[in-house]
Amino acid sequence: MGKPGLFLRRIGGIVRWIFGRGKARRLLRELRKADVGIYVNRIVSDAVLLNQIPSPSDGERLRMDFIMGRLADFGISNVEFDEWGNILVLFPAFGTRRDFLLVAAEVGDSDYSPLGSAVHLSDERASGQGFGETSLGAAALLVFAEYAQATGFHLDKNLLLVFTRSSSVDEKEEGYRHFLEIWGDRISGGIVVRGTGFGVVESRQVGSCRLSITVRTPERELLAGPDSAASGPSAAALLGSIAFQIGGVSWEAKEAATVNIARMESGVGYGHWPTEGTMDIEILAEEERMLATIKNVVSGTASRAAAGSAATVEIALRSQHSVGDSMKNAPLTDALRAILAALKVKPEIGIISEKVAMLNDFGVPGVALGMTSGKKTADDEYVELKQLGAGFRQLLLAVERCATMRDLKGGEGR
Amino acid sequence: MSDNESILQHTFHSSEFRDKKALVELKEKKGLRISLAFPTLNEEATIAKEVLVLKTELMDRFPLLDEIVVIDSGSGDKTREIATQFGAKVYVSSEVLDRYGNFRGKGENLWKSLFVLGGDIIVWIDADIVNIDPKFLYGLVGPLLLHDDIGYVKAFYKRPIRSPSGLTPGGGGRVTEILVRPLFSLLYPELAQLVQPLSGEYAGRREILEQLPFSVGYGVEVGHLVDIYHRFGPTILAQVDMDLRIHRNQSIEALSRMSFGILSTFIDRLERYGETRMLKELGKHHIALTEEGEREELVLTEIATTERPPMLTIDEYMKKFYQRRAEKPGGGPAQKR
C-alpha cells in the first residue's frame, strides 16, 4: 500500500467523515446488540477449513492463500500480501486520522497432521490439533473482516487487519517483526485475536527465551575401552549431565523465573553409541535482566559440559521475546476488563503473549483477546463452542472501544 | 462426442467451479433449486461438521443450496439430534413412504430422499468425510449448472487408508479396483473411465434420477451407472476431482459383504438388459468364515438386494411433484430426456 494509495484513501476518509458519521454511530449502537449467531457459525466453519489445510508450508502460503481467497469472496479489495508473508487488510477511517488500529491473528501450526488436525464437532465442543491455538483466532479475524465489509464498518481510526505466521511456524517471528518495522510508527494500538483464552487479561510481564543445545561426540563401538581414541561420554550422557547441572542451579526469586527442559532427544536405539543429541530449553522470567542472566548461565553451563572431551556443543537461540510492558498496555487492558464486565465474564490475569510483547518492543500498546475457553493436553485439545458468541461480541466491542481511545501511544493521532 | 471417451472428456477438477458467486447467479438464471441429502447411520462423529460447513458456506454465505436434509436409517447414537442442532432437516427413513415398507441400506435412504427433497438437482454426500470441504458440493453441482448435456456427476479423489502410523496414500478404493473396474472393463468399458464409480458423493438432475430404480443396499451406485448407460447413454456422465477424501475405512469382511451386494446388482442388470442369462439361481446369503477356537465356522449374512422402483411409478411422488406443477399455469411434468 504505497503513499499515493494512502493519500487517496485519506481523501475518501474525509468524504466518509462528512457524510458517514451518523451512520457510524448508528452502526456502533447496533453492534452492541447485534445477533452474532450467524458469525459464530462462520467462525467455526472457517476454522474447520483452515485447520485441515497442511501446515507449515513455504511461507505458510497454503493457509494464507485460503485467507486471500476468502477476502476476495467477501469483496474486500484493500488487501496486500507483503514480502514477508503477512496479509494486510485496510479499512480506512472516517475523517483524516493518520494512525492505525491493528487487529492481528496468527496463522499456521507446526504440529499439523491430516488426521489429528481434522476437527471433530460435537454439540458442545470442537476438538482437533491446532484448532483453538491458531485456526480459531485467524477465522475470527476473517469473519470480523467479513462483518466489517458487509456492514460498512468504518471507525475514527484506520483499521489494519493483519494475518501473520504463528510463532509455531515462524519461531523467530521474522514476518511479524518486519511488518512492525515498517508499520510500527503508524500503529497507535494493537489487538491480537486468539482462539482460546477468553476472559484472560494479559497483564503479567513474563519474557521467554528458547535455546537448542546440540551435542556431538565421535563415533565409537559400544565396548571400546578407555584407551580408545573416541573415549568419553556419549551425547546422551552429556545432555543428561547438562540437564542435571542446570537443575542444580538455584535462581534468585524462584517465583519470578523458571528454566524448563522442554525436550531432550538422543540416540537411535540399543546397540548404538549415541553420537548426537539435542535438548530444548525454555527460560521464563519476569524481568529482562533476569532473562538475560539465566540465558548466559545456561549457555555457559552447556558449553563447559564438553570441556576436556572430544565432544562439541552448539547452542542456538531459537526464539526470544521480551517481557512486555503492562503499564503501556494498561489503557487497553482496562478497556478489556470493562468489556468483560459488560459481558458478565470474570477476568483472569494472564501472561503477556509474544505478539503483544513485540508490539510493546515497538512502543505500541497491545492487548490479546481469546474467542473462547479451551483445554490442551498431550492427548486432547478442545474448545467450548458456547462462549464463541460472547467472544466475537467482545472483539467487536474492543475494536470499537480502542478506535475511539485517544492518546493510546502518547498523543499521536490526528 | 464419442461414447468411447465421453467420460474422460467430461472429467473436471473441482477448482474449475470455485467461483461460487457465478454458480449462484447461474442457478438463479436457470430457475433451479438444489438439494443436498446425507444418508446416515451412526455418524455422530462427522455429521455436525459436514452440515455446519456446507450450510454456512453454501446456504448462508453463497445461497447455492436450497436445503440440507439428513435421512437416517435409525441411528442409535446422537446423529439426528446433532444434525438438527447444526441446521439440517432430519427425516427417519422408515417414516417416509412407509406404506411401501422399509429396508435398511444406503440405497433405501437415497430413494426416499428423492421424495422428501424439493430440488431440481439432487446431491448426495456420504456423512463420514473427515476433511469435508465446500468443493465436495460445488464441484458436483458446477458441471450440471454449466453443461446442459450433463445429467449425472460423480466425485473422485485420492483415498488414503488409515493405518496405525497415520495415512497410507492410495490404499483406498479396494472394491473398485478388485471387483468393479474388472467387471466394467469386461462389459461396459466406457464406465471403466470412472475413477471412483463407487464414490458416495454424486449429483444428478431429478428428471433422470426419478426414472432410475434404486437398489436398497450396496449396489445402488453400480445400478445407477448401468441403468444410465442403457437409458441415457454414457455421454450424460461426468466426474470431478476433489483431490483428497479422508474417511472411515471398512474392514475386509465388510468389503466382502459390499462386493456381494454390488455383484448381485451387476448380475441383475446384465440379465435385465439381456446381456447374459443365468442358468442357476443366485445365492441369497453372503458366506464368511470365522475362527471359533480351532474350528472355522460359517457366517451367513443376508445382504439387501431389493430394488426400489423408479420414483415416477410412486403415486405419492407423482402427486407431490407433478400434480402440483400441472395445476400451476404453464406447469406440467418436467421434460424428459
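Before reading further, recall that the structure is shown in the block above.
Below or above, wherever it landed, is the structure these notes cover. Residue numbers here run from 1 along each chain, matching the order of that chain's written sequence. All chains are assigned letters beginning at A, and all ligands numbers beginning at 1, according to the order in which they are written. Local features are withheld for residues below a pLDDT of 70 in this predicted model, meaning they are given only at 70 or higher, and side-chain atom pairs are given and counted only at 80 or more; totals for whole chains, interfaces and linings count all residues. The side-chain figures draw on all heavy atoms in the structure; neither hydrogens nor water molecules are used.

Regarding the overall build of chain A
For the purposes of this entry, the term helix denotes a DSSP run of H or I that reaches at least four residues, the term strand denotes a run of E that reaches at least two, and both are numbered from the N terminus. Scanning chain A for helices and strands turns up ten helices and 16 strands. Relative accessibility decides the category of a residue: with a 1.4 Å probe and only protein chains considered, values under 20% of the type maximum give buried, values over 50% give exposed, and everything between is partly exposed. The buried share among the 414 residues of chain A stands at 53%. Once local pairs closer than 6 in sequence are excluded, the contacts in chain A between residues at least 24 apart make up 80%. Surface accessibility of chain A: about 18,000 Å² in total, with carbon and sulfur atoms responsible for 52%. The contact criterion used throughout is that any non-hydrogen atoms of two residues lie within 4.5 Å. Computed with a 1.4 Å probe, the accessible areas rest on the Shrake-Rupley method; for each residue, only the protein chains presented here act as cover.

Re the packing of aromatic side chains
All names here are of chain A. Here is the rule: rings of Phe, Tyr and Trp (six-membered ring for Trp) pair when centre to centre is within 6.5 Å. Planes less than 30 degrees apart are stacked, more than 60 are edge-to-face, and the remainder are tilted. Throughout the structure, instances matching the rule amount to 17 aromatic pairs over all chains. With 6.3 Å between their ring centres and 85° between their planes, Tyr147 and Phe392 make a pair best called edge-to-face. In this pair, Tyr147 sits in helix α4 (residues 131-151) while Phe392 sits in helix α10 (residues 388-404), placing the two residues 245 residues apart along the sequence. Through pairs of rings, three or more aromatic residues link up here, namely Phe100, Tyr176, Phe179 and Trp183. In this arrangement the basic side chain of Arg220 is found over the ring face of Trp273, its NZ or CZ atom lying 3.9 Å from the centre. Whether a charge lies above a ring is judged from NZ of Lys or CZ of Arg, which has to be within 6 Å of the ring centre and within 35 degrees of the ring normal.

Things to note about a nonpolar patch on the surface
Residues and elements named next belong to chain B. The grouping of Ile287, Leu289, Leu298 and Leu300 at the surface amounts to a nonpolar patch, some 450 Å² of accessible area in total. If you list the elements that add at least two residues to the nonpolar patch, you get β12 (285-292) and β13 (295-302). If you trace the backbone, Ile287 turns up in strand β12. Judged by relative accessible area, which is 55%, Ile287 ranks as exposed. Surface patches are defined over residues having more than 30% relative accessible area and no salt bridge, joining like charges when they lie within 9 Å and nonpolar side chains (Val, Leu, Ile, Met, Phe, Trp, Tyr) when within 5 Å. The rule for a salt bridge is simple: a side-chain nitrogen of Lys or Arg has to be within 4 Å of a carboxyl oxygen of Asp or Glu.

Considering the side chain of B:Thr176
Tracing the backbone shows B:Thr176 in helix α7 (residues 174-187). Beyond its immediate sequence surroundings of up to four residues, B:Thr176 is in contact with B:Arg181, B:Pro182, B:Val195, B:Gln196, B:Pro197 and B:Leu198.

Considering the packing of α7(B) against helix α10 (residues 252-272) of chain B
Residue and element names in this part refer to chain B. α10 packs onto α7 with a crossing angle of 15° between their chain directions and a minimal axis gap of 10 Å. The pairing of α7 with α10 is recorded here as roughly parallel in orientation. Judged by the twist between their axes, the crossing of α7 over α10 is right-handed. Between α7 and α10, the residues in contact are Arg174, Val175, Leu179, Val180, Leu183, Phe184 and Leu187 and Leu255, Met258, Ser259, Ile262, Leu263, Phe266 and Leu270, respectively. The class makeup of the residues in the contact of α7 with α10 is twelve nonpolar, one polar and one charged. Note on geometry: axes are lines fitted to C-alpha atoms, helical ones only across the stretch in contact, with angles between N-to-C directions running from 0 to 180 degrees. Angle categories are assigned with fixed cut-offs, so that under 35 degrees is roughly parallel, over 145 is roughly antiparallel, 65 to 115 is roughly perpendicular, and the rest are oblique. Note on convention: near helix rotated counterclockwise from far helix by under a right angle means a left-handed crossing. Clockwise means right-handed. Here the nonpolar group is Ala, Val, Leu, Ile, Met, Phe, Trp, Tyr, Cys and Pro; Asp, Glu, Lys and Arg are the charged ones; every other residue, Gly included, is treated as polar.

Notes on unusual backbone geometry
A cis amide bond, omega -5°, links A:Ser55 with the succeeding residue A:Pro56. Checked against the element boundaries, A:Pro56 lands in the loop between α2 (37-51) and α3 (61-73). In this model, A:Glu173 sits at a positive phi of 55°, which is unusual for a non-glycine residue. Judged by relative accessible area, A:Glu173 falls into the buried class, the value being 4%. One non-glycine residue, B:Asp243, adopts positive backbone phi at about 75°. Mapped onto the fold, B:Asp243 is located in strand β11 (residues 237-244).

What to know about the pairing of strand β9 (residues 207-216) of chain A
Residue and element names in this part refer to chain A. Of all ten residues making up β9, eight are buried, and the element is well covered by its neighbours. One requirement defines pairing of two strands: DSSP has to find at least two bridges between them. Bridge analysis of β9 against strand β11 (residues 276-285) gives ten bridges, and the strand direction is antiparallel. When the bridges of β11 are listed, Gly207 appears paired with Ala285. Here nine bridges tie β9 to strand β12 (residues 312-321), and the two strands are oriented antiparallel to one another. Paired with Ser208 across the strands is His321, a residue of β12.

What about the sheet that holds strand β15 (residues 374-376) of chain A?
Residue and element names in this part refer to chain A. Read across the sheet, four strands follow the order β4-β5-β16-β15 without closing on themselves; strand pairing throughout is antiparallel. Looking along the sheet, the strands with just one partner apiece sit at the ends: β4 (120-121) and β15. Summarising the sheet, β15 and strand β16 (residues 381-384) pair through three bridges and their orientation is antiparallel. Looking at the pairing, Lys375 lines up with Tyr382 of β16.

Points about the interface of chain A and chain B
Every contact between the two is made by 23 residues of chain A and, on the other side, 25 residues of chain B. Values labelled buried area give the accessible surface lost by two parts on being combined, using a 1.4 Å probe and summing over both. Of all residues in chain A, A:Leu115, A:Leu121 and A:Asp123 give up the largest surface area on contact with chain B, accounting jointly for 30% of the area buried on that side. In this structure, the connection of chain A to chain B is made through five salt bridges. The shortest N-O distance in the salt bridge between A:Asp123 and B:Lys78 comes to 3.1 Å.

Here's the deal with the environment of B:Leu198
Residue and element names in this part refer to chain B. Note on placement: Leu198 falls in the loop between α7 and β9 (202-205). Relative accessible area serves as the criterion here: at 15%, Leu198 is assigned to the buried category. Counting along the chain gives 23 residues from Leu198 to Glu221, while the straight-line C-alpha distance between them is 5.8 Å.

Considerations on the environment of B:Tyr157
All names here are of chain B. Along the chain, the position of Tyr157 falls in strand β6 (residues 152-158). With relative accessibility at 5%, the residue Tyr157 sits in the buried group. The spatial distance from the C-alpha of Tyr157 to the C-alpha of Leu279 is 39 Å, given a sequence separation of 122 residues. Among residues more than four places away in sequence, those in contact with Tyr157 are Phe136, Gln196, Ser199, Gly200, Glu201, Asp241, Met242, Asp243, Leu244 and Arg245.

Examining the pattern of salt bridges
For the structure shown, the criterion picks out 49 salt bridges over all chains. With a shortest N-O distance of 2.9 Å, B:Arg61 and A:Asp46 are connected by a salt bridge. On the criterion of chain membership, the pair formed by B:Arg61 in helix α3 (residues 47-61) and A:Asp46 in helix α2 is interchain, its members lying in two chains. In terms of burial, B:Arg61 and A:Asp46 fall into one category: buried. Its salt-bridge partner being B:Arg99, residue B:Glu316 comes within 2.6 Å of it at the nearest N-O pair. Taken together, the residues B:Glu316 in helix α11 (residues 315-327) and B:Arg99 in the loop between β4 (89-92) and α5 (106-116) connect sequence positions 217 residues apart. Judged by its relative accessible area of 23%, B:Glu316 falls in the partly exposed class.

What about the packing of helix α2 (residues 20-30) of chain B against helix α6 (residues 135-146) of chain B?
All names here are of chain B. One way to put it is that α2 packs onto α6 with a least axis distance of 10 Å and a crossing angle of 45°. By the angle between their directions, the pair α2 and α6 is classed as oblique. Crossing geometry of α2 relative to α6 is assigned as left-handed. Every residue of α6 that contacts α2 at Lys20, Leu23, Leu26, Lys27 and Lys30 is listed here: Tyr138, Gly142, Leu145 and Leu146.

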